[in-house]
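Spelled out from the first residue to the last, the chains are:
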Amino acid sequence: MTDFSVSKEAFVFVCSALSGAVIFFVYDLFRLLRKKSGAGLFFVHIQDGIFWLIAFAIMFFALLFINNGILRMYEIFGAFLGAVLYGFALSGWVRWLLEKTIDVFSEIFRIFLKILLTPLYFAYNILYRYICLLLRPIMRFGRVAAIRLAEGLKRSGRMIKKK
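Here we summarise the structure given alongside this text. Note that the structure is predicted; figures quoted are calculated from it, not measured.

1. Here's the deal with helix α3 (residues 73–89)
Here α3 contains 17 residues, and its C-alpha end-to-end distance of 24 Å stays within 8% of the 24 Å for a straight helix at 1.5 Å per residue. Along α3, the residues classified as buried are Glu75, Gly78, Ala79, Gly82, Ala83 and Tyr86. Taken end-on, α3 shows its buried residues confined to a sector of 130°, consistent with a single buried face. Of the residues in α3, the exposed ones pointing more than 90 degrees away from the buried face are Met73, Phe80, Leu85 and Phe88.

And the structure:
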């Protein structure tokens, strides 16, 4: 038989509310990921499936470790209440903060890539110029050969038609 105490049940209710808030936070992360990536319909469905797996895992482990796997109706209500309170009280601020954080990190990453790829860009330009200089005679020869081949085919076609 399990011990019953109001303080333990209140603790379980608060932990369920926190689980609901964490699930809504994960939803905010997925919503921001979807907004920033501009994912297509297929990837939206994949993200939804991943979100529901994560939400299930959060609730499962919360119920398993906090209340020894015993599911009570007030725990579901607590999770729903935690999600609603997080949604109204913190979701806007958290999304704004996450969006600004992602913008800052993406700008840092863009600058890092620019610094990293600048030598490769210069090397590409130098190699491209030399390759073009080396291939220019070959291109001219190919162009002249193609023109002479076309003229030869035209002449041979005329000769065949005259007979």
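2. As for the pattern of salt bridges
Applying the stated criterion across every chain, the model contains eight salt bridges. In this structure, Asp28 engages Arg31 in a salt bridge whose closest nitrogen and oxygen atoms are separated by 2.5 Å. Within this pair, Asp28 and its partner Arg31 are both found in helix α1 (residues 6–37), separated by three residues, close to a single helical turn. A salt bridge links Lys36 to Asp103; its shortest N-O distance comes to 2.8 Å.

3. Focus on helix α2 (residues 41–67)
In an α-helix, one turn spans 3.6 residues, which is why side chains three or four residues apart end up on the same side. Spanning 27 residues, α2 covers 38 Å between terminal C-alpha atoms, matching the ideal 39 Å at 1.5 Å per step. Along α2, the residues classified as buried are Val44, Gln47, Phe51, Ala55, Met59, Ala62, Leu63 and Asn67. Each element contacted by the buried residues of α2 is listed here: α1 and α3. Downstream of α2 by one or two residues, Asn68 has phi in the positive range, about 55°.

4. Focus: the packing of α1 against α3
At a minimum axis distance of 6 Å, the contact between α1 and α3 shows a crossing angle of 45°. As summarised for this structure, α1 and α3 are arranged oblique, according to the angle between their axes. Considering the relative orientation of α1 and α3, their crossing is right-handed. Contacts between α1 and α3 involve Glu9, Val12, Phe13, Ser16, Ala17, Gly20, Ala21, Phe24, Phe25 and Asp28 on the former and, on the latter, Tyr74, Glu75, Phe77, Gly78, Ala79, Leu81, Gly82, Ala83, Tyr86 and Gly87. In the contact of α1 with α3, the residues fall into 12 nonpolar, five polar and three charged.

5. Notes on the packing of aromatic side chains
Scanning the entire structure with this criterion turns up 11 aromatic pairs. On the numbers, 5.8 Å between centres and 65° between planes, the contact of Phe24 with Tyr27 is edge-to-face. Placement of the pair is Phe24 and Tyr27 together in helix α1, with a separation of three residues, close to one helical turn. Exposure remark for Phe24: the relative accessible area of 23% places this residue in the partly exposed category. By relative accessible area, which is 35% here, Tyr27 ends up partly exposed. Consider the rings of Phe56 and Phe60, whose centres lie 5.9 Å apart with planes at 20°: the pair is stacked. Taken together, the residues span about one helical turn, with Phe56 and Phe60 both in helix α2 at a distance of four residues. On the basis of relative accessibility, which here comes to 42%, the residue Phe60 falls in the partly exposed class.

Cut-offs used in this document
Residues numbered from 1 in each chain as written. Predicted model: local features only at pLDDT ≥ 70, side-chain atom pairs only at ≥ 80, totals over all residues. Heavy atoms only, no water. Helix = DSSP H or I, 4+ residues; strand = E, 2+ residues; numbered from the N terminus. Expected span 1.5 Å × (residues − 1). Buried < 20%, exposed > 50% of the residue type's maximum accessible area, 1.4 Å probe, protein only. Arc of directions from axis to C-beta. Salt bridge = Lys/Arg side-chain N within 4 Å of Asp/Glu carboxyl O. Contact = heavy atoms within 4.5 Å. Axes fitted to C-alpha atoms, helices over the stretch in contact; angles between N-to-C directions. Parallel < 35°, antiparallel > 145°, perpendicular 65-115°, else oblique. Left-handed = near helix turned anticlockwise from the far one by under 90°. Nonpolar A, V, L, I, M, F, W, Y, C, P; charged D, E, K, R; others polar. Phe/Tyr/Trp six-rings, centres within 6.5 Å; stacked < 30°, edge-to-face > 60°.

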